Amino acid sequence: EVANATGIEAQNRFRYIAQCFARAICTPRRPLICVLDDLQWCDTASIDLMKTFVTDESNNHLLFIGCYRDDEMGAEHHVSVKFDQMKKENNVKFTTIELGNMDLDSLTSFV
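Here goes a summary of the coordinates provided. In this text the structure is predicted, and so the values were computed from the model without any measurement. Sequence positions are assigned chain by chain, starting from 1 and proceeding in written order. Reporting in this predicted model follows two pLDDT cut-offs: at least 70 for local features of residues, and 80 or more for side-chain atom pairs to be given and counted; totals over whole chains, interfaces and linings ignore these cut-offs and use all residues. Processing note: side-chain calculations cover all non-hydrogen atoms of the structure and skip hydrogens and water entirely.

1. Section: the overall build of the chain
Counted only if it meets this: Note on conventions: DSSP H or I runs of at least 4 residues are helices, E runs of at least 2 residues are strands, and numbering of each starts at the N terminus. Values of the radius of gyration come from C-alpha atoms, whereas the globule rule sets the reference at 2.2 Å times the count of residues to the power 0.38. Here's how the labels work: a residue is buried when its accessible area is under 20% of the maximum for its type, exposed when over 50%, partly exposed in between, all with a 1.4 Å probe on protein chains only. Two residues qualify as a contact provided that any one of their heavy atoms is within 4.5 Å of a heavy atom in the partner residue. Here the accessible surface of atoms and residues is derived via Shrake-Rupley with a 1.4 Å probe, and residues count as covered only by protein chains that are part of the display.
Summing up its helical and strand segments, the chain has 4 helices and 2 strands in all. When the helices and strands of the chain are listed from N to C terminus, the series reads α-β-α-β-α-α. Expected size for 111 residues packed as a compact globule is a radius of gyration near 13 Å; at 17 Å, the chain overshoots this value by more than 25%. Across its three principal directions, the C-alpha atoms of the chain cover 60 × 40 × 25 Å. The burial tally for the chain puts 23% of its 111 residues in the buried class. Sequence separation of at least 24 residues holds for 76% of the intrachain contacts in the chain that already meet a minimum separation of 6. Total accessible area on the chain is roughly 8900 Å²; 52% of this is exposed by carbon and sulfur atoms.

2. A few points about the nonpolar core
It is characteristic of soluble globular proteins that their nonpolar side chains tend to be buried jointly. Let me state the cut-off plainly: Only buried residues count toward a nonpolar core, which is a set of Ala, Val, Leu, Ile, Met, Phe, Trp, Tyr and Cys residues joined through side-chain atoms within 4.5 Å.
If you look at the biggest cluster of nonpolar residues, it comprises 14 residues, and the most contacted ones within it are Cys42, Ile47, Met50, Phe53, Val79, Phe83 and Met86. No other element matches helix H2 (residues 44-54), which puts 4 residues into this core. In this structure phenylalanine 83 touches Leu39, Met50, Met73 and Phe94, once residues within four positions along its chain are discounted.

3. Considerations on unusual backbone geometry
For aspartate 38, which is not glycine, the phi torsion reads 60 degrees and is therefore positive. As for its placement among the helices and strands, aspartate 38 is situated in the loop between strand E1 (32-36) and H2.

4. Some words on helix H3 (residues 78-90)
Applied cut-off: One fewer than the residue count of a helix, multiplied by 1.5 Å, yields its expected span. It is the directions from the helix axis to the C-beta atoms whose arc is reported.
Spanning 13 residues, H3 covers 17 Å between terminal C-alpha atoms, matching the ideal 18 Å at 1.5 Å per step. Those residues of H3 that sit buried are Val79, Ser80, Lys82, Phe83 and Met86. For H3, the angular spread of buried residues about the axis comes to 165 degrees, placing them on one side. The exposed residues of H3 that point more than 90 degrees off its buried face are Lys88 and Glu89. Note on H3: the residue one or two positions beyond its end, asparagine 91, has a positive phi of about 55 degrees.

5. What about the environment of cysteine 26?
Looking at the secondary structure, you find cysteine 26 in the loop between helix H1 (7-25) and E1. Given a relative accessible area of 5%, cysteine 26 falls into the buried group. C-alpha separation for the pair cysteine 26 and asparagine 60, spaced 34 residues apart in sequence, amounts to 8.1 Å.

6. Observations concerning the pattern of salt bridges
Put simply, the rule is: Between Lys or Arg on one side and Asp or Glu on the other, a salt bridge is scored when a side-chain nitrogen of the former is within 4 Å of a carboxyl oxygen of the latter.
Summed over the entire model, instances satisfying the criterion amount to 3 salt bridges. Between arginine 23 and aspartate 56 there is a salt bridge; the shortest N-O distance is 2.8 Å. Note that arginine 23 is positioned in helix H1 and aspartate 56 in the loop between H2 and strand E2 (62-66), a separation of 33 residues in sequence. In this structure, aspartate 48 engages lysine 82 in a salt bridge whose closest nitrogen and oxygen atoms are separated by 2.9 Å. Highlighted residues: aspartate 48 in helix H2 and lysine 82 in helix H3, separated in sequence by 34 residues.

Below, the structure is given as structure tokens:
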């Protein structure tokens, strides 16, 4: 039987189980792409869980794509701070693609 955990211990246990699950389902034949939208509204616990996945050197078959509104997420935003930490401390590579607004002709063509 597993003992009940609370607080930080429960969070760490959850992240460990999620990490083991990701390792089990992400394989060379079946890689996983996870797309998260609206990261500017993401809470700290969710960003910490994402960090667990992207810093896991044992899982090379998982790709995270995160989308956010840059006008709502400045350098002091908690998500930006966590991203900077991941880049510096864990050597996580980020590729940034900035998208602008679509003009009327492009929007009409798209629809």
